[in-house]
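One letter stands for each residue in the lines below.
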Amino acid sequence: MLQLLSWKGGGVVSKQRQQVTISADSKTKLADVLFRQNIPQGIILRENPRNITHFHSYGGISKFFDGLAAGTLWGTVCGSCGNAGIWLPPRVHCPDCWQEMSWVKIDTSQATVYTHSTTNYPGAGFKATVPCPLISVEIPGICTKLMSYLSEFGDGEPYIGMPIRPVFSQNPTYTILDLSWVSRD
Amino acid sequence: MISFGNGNLRVPKLSRPVYMVAAGLTDFRKFYPEKQSTELCLESLKMAVEDGLGISPRDFKKMVNFCVYSQFADHFGDQLLAAAKIHDYLGFDPLGNIEVKTGGATGGSSVLAGVMAIASGYASLVPVIGWERMDEVNTRQGNAYIASAACKDFESELGWLYATYYALMMRRYIHEYNPNRETLTKIAQKNHHYARFSPYSQLPGDYTVDEILKSAVVSDPLTFPECCAMSVGAASIVLADEETAFRLTDHPVSVVGTGSGSHTLRTADRRNMPVLLLPNERPQLYQDRKNEWPGFTSFLAARFAAYLAYNMADITDPVKELDVLETHDAFTVSDIQTYEDIGLRPYGEGADFIESGDAFIGGRLPTNLSGGLLGSMHSVGATGIFQLSEIFWQIRGEWNKFHADDKYWGRFGKTKPNNFENLQVSNARRGMAISHAGTGSHVTAIILERGWSSE
Ligand SMILES: [Zn+2]
């Protein structure tokens, strides 16, 4: 047991001292090459790895991601702003009047590709295979152009105006990747 | 749809004149292990003070009363409150300071914050210091970090890559307006070329149109030379009120126009609306327009910022009334879009700004003579400050002093190229810099003008 020093400073200090050690999972590794360049002489470049879990709430738009898992595409529409269009991505509140909007099922029967780009060098954490054709989706009556991807494509696809239909993941990840599109033809 | 009330379109007014009196840069590199961010920031400000103002850091510091810091991403630098570290490193404690964050437009917004500090009377001498450290992670992780500045619920997961978000706009732009594909590559060609004459530049080079078109495709149709790169470095400018400015220099540069605009972080959410007209545009210009606006081909934020800045600076014909321009050419396509948003050409005709030769040295409005983001740098927090530094030197007739002098090439371990070109615009009086974030989430337009009367 460690003895406490008296507040007056005259206490007896134990000769037995506790050790402070560095935990074994922080093994030191110095880099000698990065970006295919050597580290200059005399410069220390220490690897600083990490693995962190965040817990992210979808809050009031949780229904949208729940809908993807159940095979339904939900948008929102403002009851007080007339025919201003359906929001997809949905929002809880209307940005024009700040009233809460209502949920509506999206009719995708007329959905087409508004624009597209096939990515070859995605950033870290991208979960799909490459090349992956990313698209923006145009749907009549929707005031926005949802970003998404084609999960199946042939030569010359996607193209602007391509008729598409939604596909919902059988193994939901509860991310926007649960929704993809394929040709309607 | 978005509609404007009178308050929304109020033109900004400074309560008293604001001047820019000095600028300094480091060089920019993909990987800069030799120096920490503190060292880079100090070196850029030291250059502004010693080479620009010609006074000692000790004398300069006695006059400073507030500082603005500009860094885009805490997760790149992996240091919260990094500004406090830099402020301390520069020996400015206990002066007040703020750190500004508006994505790619952080530099422009930081200068705007400095301008506000001076114009309000809160401060009389304000250094604005920007930097970014993008080399602590590999390029794939860096792209993911940048894409954290997209909507994490609906867009980031779709590529973790900003080049894709711009490529979506590019595909749509080509569909709506059908420009020559080659014209887009000429923007990259021009800026990589001008970067050859900058000792600060990261990606100088002479490319043929064919080489750019045949380079690897990042996200189609964008190829590698058409995209900006990860970058490390710092830039500083010094702002002052009138009395302090003329005490420090006989040739201060005046801030005559400022504008700041915004639009949805998600490109998806850009609703159709009538075109906001600039002073040089008449309503009939777009009366037969079929395409949506701003759609995926225009930046409402850029148009809004230009609207305010032009009205504030009394500019009615930007190509004629500006002498030099720096745009945020993160991608070739965004540059064409911006030419239209800031009224250099009507919507759909941006390519002509390149094809006509207007954008080149010797043209009517030389653009990105600095090498821009494609050729010179995009150390994000430093970018808007770098742009204004280059405009500042052009207006003062100091382009050669800070680009042609072997001292600067040597400082960064480089040799000046033999076939060096002089990029000083003769008699440049007025210039503008456009600082731009996200897929157009924030844009600032800042107009500088000769602040002294010519003899
Ligand atoms: Zn509403």
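Remember, it's a predicted structure, so these values are computed and weren't measured experimentally. Every residue gets a number counted from 1 within its own chain, in the order that chain's sequence is written. Naming scheme: in the order in which they are written, chains are lettered from A and ligands are numbered from 1. A pLDDT threshold of at least 70 governs which residues receive local features in this predicted model, and a stricter bar of 80 or more applies before side-chain atom pairs are shown or counted, although totals over entire chains, interfaces and linings include all residues. Remark: hydrogens and water are excluded; side-chain values derive from all non-hydrogen atoms of the structure.

Caption draft 1: How the structure looks around the overall build of chain B. Looking only at helices and strands, chain B features 18 helices and eleven strands. In terms of principal-axis extent, the alpha carbons of chain B reach across some 60 × 45 × 45 Å. For chain B, long-range pairs separated by at least 24 residues make up 78% of all intrachain contacts whose partners lie at least 6 apart in sequence. Accessible surface, chain B: about 15300 Å² in total, of which carbon and sulfur atoms supply 49%. Note that His is not counted, nor are the chain ends; the positive residues are Lys and Arg, and the negative ones are Asp and Glu. The location of each charge is read from NZ of Lys, CZ of Arg, CG of Asp or CD of Glu. Side chains of chain B give 42 positive and 53 negative charges; the mean places of these two sets differ by 2 Å. Each helix corresponds to a stretch of at least 4 residues labelled H or I by DSSP, and each strand to a stretch of at least 2 residues labelled E; elements are numbered beginning at the N terminus. Should any heavy atoms of two residues lie within 4.5 Å, those residues are considered in contact. Only the protein chains shown count as cover for residues, with accessible areas throughout obtained via the Shrake-Rupley method and a probe of 1.4 Å.

Caption draft 2: Representation of the confidence of the model for chain B. The pLDDT value expresses, per residue, how confident the predictor is, ranging between 0 and 100. In the predicted model, chain B carries a mean pLDDT of 97, and the fraction of residues at 70 or more is 100%. Scoring of the predicted complex yields 0.96 for pTM and 0.96 for ipTM.

Caption draft 3: Just the coordination of the zinc ion, in detail. Residue and element names in this part refer to chain A. In this structure, Cys 78 (SG), Cys 81 (SG), Cys 94 (SG) and Cys 97 (SG) serve as the protein donors to the zinc ion, at separations of 2.3 Å. Metal coordination here is assigned from N, O and S atoms located within 2.8 Å of the ion, or within 3.2 Å for Na, K and Ca; omission of water means that sites may look incomplete. Every geometry call rests on angle ranges, with four donors termed tetrahedral when all angles are between 85 and 135 degrees, four termed square planar and six termed octahedral when opposite donors are over 155 degrees apart and all others are between 65 and 115, and everything else termed irregular. Coordination at the zinc ion is tetrahedral: its four donor atoms span angles of 101 to 113° at the metal. All donor residues of the zinc ion come from one chain, and their arrangement in sequence is C-x2-C-x12-C-x2-C. Residue Cys 78 is located in the loop between strand E3 (74–77) and strand E4 (102–105), and its partner Cys 97 is located in the loop between E3 and E4; the two are separated by 19 residues in the primary sequence. A relative accessible area of 7% means that Cys 78 is categorised as buried. Relative accessible area decides the class of each residue, using a 1.4 Å probe on protein chains only: under 20% of the type maximum gives buried, over 50% gives exposed, and in between gives partly exposed.

Caption draft 4: Fine view of the pattern of salt bridges. Residues and elements named next belong to chain B. We count a salt bridge whenever a side-chain nitrogen from Lys or Arg sits within 4 Å of a carboxyl oxygen from Asp or Glu. For the coordinates displayed, the defined rule picks out 31 salt bridges over all chains. Glu 243 serves as the salt-bridge partner of Arg 247, at 3.4 Å between the closest nitrogen and oxygen. Separated by four residues within a single helix, Arg 247 and Glu 243 lie in helix H10 (residues 242–248), roughly one turn from each other. Each member of the pair, Arg 247 together with Glu 243, is exposed. The partner of Arg 345 in a salt bridge is Asp 352, and the shortest N-O contact between them spans 2.8 Å. Counted as one network, the salt bridges with shared partners bring together Arg 345, Asp 352, Asp 358 and Arg 364.

Caption draft 5: Summary view of helix H1 (residues 62–70) of chain A. Residues and elements named next belong to chain A. Of all the positions in H1, only Phe 64, Phe 65, Gly 67 and Leu 68 are classed as buried. The buried residues of H1 all sit within an arc of 150° when viewed along its axis, so they share a single face. In this fold, the buried residues of H1 make contact with E3, E4, strand E8 (164–168) and strand E9 (179–183). Trailing H1 by a residue or two, Gly 71 shows a phi angle of about 85°, which is positive. Each C-beta atom gives one direction from the helix axis, and the arc is the one those directions make.

Caption draft 6: Expanded view of the interface of chain A and chain B. Across the contact, 48 residues belong to chain A and 46 residues belong to chain B. Summed over both partners, the accessible area lost on bringing two parts together, with a 1.4 Å probe, is the buried area. Taken together, the two surfaces of chain A and chain B that pack against each other cover about 4100 Å², and 60% of this comes from carbon and sulfur. Of all residues in chain A, Phe35(A), Tyr114(A) and Met147(A) bury the most surface against chain B, accounting for 18% of the area lost on that side. Across the chain A-chain B interface, the total number found is five salt bridges. Polar contacts, as counted here, are pairs of nitrogen or oxygen atoms within 3.5 Å of one another; within protein the pair requires one atom able to donate a hydrogen and one able to accept it, and residues that are adjacent in sequence qualify only if both atoms are side-chain atoms. Across the contact surface, chain A and chain B share 22 residue pairs in polar contact (both at pLDDT 80 or more). At the level of secondary structure, the elements contributing two or more residues to the side of chain A that touches chain B comprise H1, strand E5 (112–119), strand E6 (132–138) and strand E7 (147–149) of chain A. Among the elements that make up the side of chain A that touches chain B, the one with the highest residue count is E5(A) (six residues). Under this grouping Gly is polar, as are all residues other than the nonpolar Ala, Val, Leu, Ile, Met, Phe, Trp, Tyr, Cys and Pro and the charged Asp, Glu, Lys and Arg. Counted by class, the side of chain A that touches chain B contains 28 nonpolar, 15 polar and five charged residues.

Caption draft 7: Spotlight on unusual backbone geometry. A cis amide bond links Leu88(A) with the next residue in sequence, Pro89(A), at an omega value of 10°. For Pro89(A), the position within the fold is in the loop between E3 and E4. The step from Glu157(A) to Pro158(A) runs through a cis peptide bond, and the omega angle for that step is -5°. Along the polypeptide, Pro158(A) turns up in the loop between E7 and E8. With phi around 55°, Leu81(B) is a residue other than glycine that occupies positive phi space. Its place among the elements puts Leu81(B) in the loop between helix H3 (74–77) and helix H4 (82–89). With a relative accessible area of 64%, Leu81(B) lands in the exposed category. A positive phi angle, near 60°, is found at Asp314(B), a position not held by glycine. Note that Asp314(B) resides in the loop between helix H11 (300–313) and helix H12 (318–321). A residue is classified by how much of its surface remains accessible, and Asp314(B), at 63% relative accessible area, is exposed.

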